Structures are given as structure tokens and as C-alpha cells.
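Here are the chains, one letter per residue:
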Amino acid sequence: MAAAGPDVTVTYRTVAGSSVRRTLLAAAAEAVADLLVLGSSGDGPLGRLVLGSTSEPLLHSSPLAVAVAPRGYRVSPAPGSAG
């Protein structure tokens, strides 16, 4: 995630809970996050057209911004970087 830029702090956490939506929102609140980045959906023929069972409710109920990365998205190295 070095391509995010010098003004962006990216953190990764592993959390456990019985509700994915509630657990992600609680972890984001605890981290004082500004943005949640989610994958669009799981496998299947409609994977490129519909949101998944986690992304859909979070997109509509999250109190903070939600970015949905398309299935298969990979960050490209920044120009001139060694990554």
C-alpha cells in the first residue's frame, strides 16, 4: 500500500466477532478510521455485478466512508518505485 502516498496511514488488523458488519464497524471506530476498504464480492458468475453479503450492508449503514475495490484489484507499484 505504499502507493497510498505519504499523507495516508494504512493499517491492517485481524479481529474476531459474530457479526462481520458490527465487528468491522467497531474495529474502525476503535482505530478512529476515516475509510473502510472492502472487496466487492465473493466468487460466482455475478461477482462483477453485485456486492457481497458483507459489502452491501456496510455500504448502506457505515457511519464512515466505504470504498469498494473491484474483484481482482491489485495496487500497482508507484512509478519509479522498487515494488
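Everything numeric in this text was worked out from a predicted model, so none of it was measured.

Caption draft 1: Structural context of the overall build of the chain. Of the regular secondary structure elements, the chain holds two helices and two strands. The linear arrangement of helices and strands in the chain, starting from the amino end, is α-β-α-β. Among the 83 residues that make up the chain, the fraction classed as buried is 19%. Nonlocal contacts in the chain, meaning residues at least 24 apart in sequence, comprise 55% of its contacts between residues at least 6 apart. Working note: accessible area of the chain is about 6,300 Å², and carbon and sulfur atoms make up 56% of it.

Caption draft 2: A look at the side chain of Ser 19. Position of Ser 19 among the secondary structure elements: in the segment before helix H1 (20-30). Looking at Ser 19, the relative accessible area reads 14%, which means it is buried.

Caption draft 3: Geometry of the pattern of salt bridges. For the structure on display, the rule yields one salt bridge. Of the charged contacts, one joins Glu 30 and Arg 13 as a salt bridge, the two residues approaching to 3.2 Å between their closest N and O atoms. Separated by 17 residues along the polypeptide, Glu 30 in helix H1 and Arg 13 in the segment before H1 bring together distant segments of the chain.

Caption draft 4: Region of interest: the environment of Val 66. Its place among the elements puts Val 66 in strand S2 (residues 65-69). Separated by 29 residues in sequence, Val 66 and Val 37 place their C-alpha atoms 5.9 Å apart. Residues contacting Val 66, with those up to four places away along its chain left out, are Leu 35, Leu 36, Leu 38, Leu 58 and Leu 59.

Caption draft 5: Structural detail: a nonpolar patch on the surface. On the surface, Val 8, Val 10 and Tyr 12 cluster together into a nonpolar patch covering about 310 Å² of accessible area. As for its placement among the helices and strands, Tyr 12 is situated in the segment before H1.

Caption draft 6: H1, seen in detail. Regarding H1, the residues found buried are Thr 23, Leu 25, Ala 27 and Ala 28. Looking at the buried residues of H1, the elements they touch are strand S1 (35-39) and helix H2 (55-61). Positive phi shows up at Val 32, right after H1, with a value of about 50 degrees.

Cut-offs used in this document
- Residues numbered from 1 in each chain as written.
- Predicted model: local features only at pLDDT ≥ 70, side-chain atom pairs only at ≥ 80, totals over all residues.
- Heavy atoms only, no water.
- Helix = DSSP H or I, 4+ residues; strand = E, 2+ residues; numbered from the N terminus.
- Buried < 20%, exposed > 50% of the residue type's maximum accessible area, 1.4 Å probe, protein only.
- Contact = heavy atoms within 4.5 Å.
- Areas by Shrake-Rupley, 256 points an atom, 1.4 Å probe, with all protein chains shown as cover.
- Salt bridge = Lys/Arg side-chain N within 4 Å of Asp/Glu carboxyl O.
- Patch = residues over 30% accessible without salt bridge, like charges linked within 9 Å, V, L, I, M, F, W, Y side chains within 5 Å.

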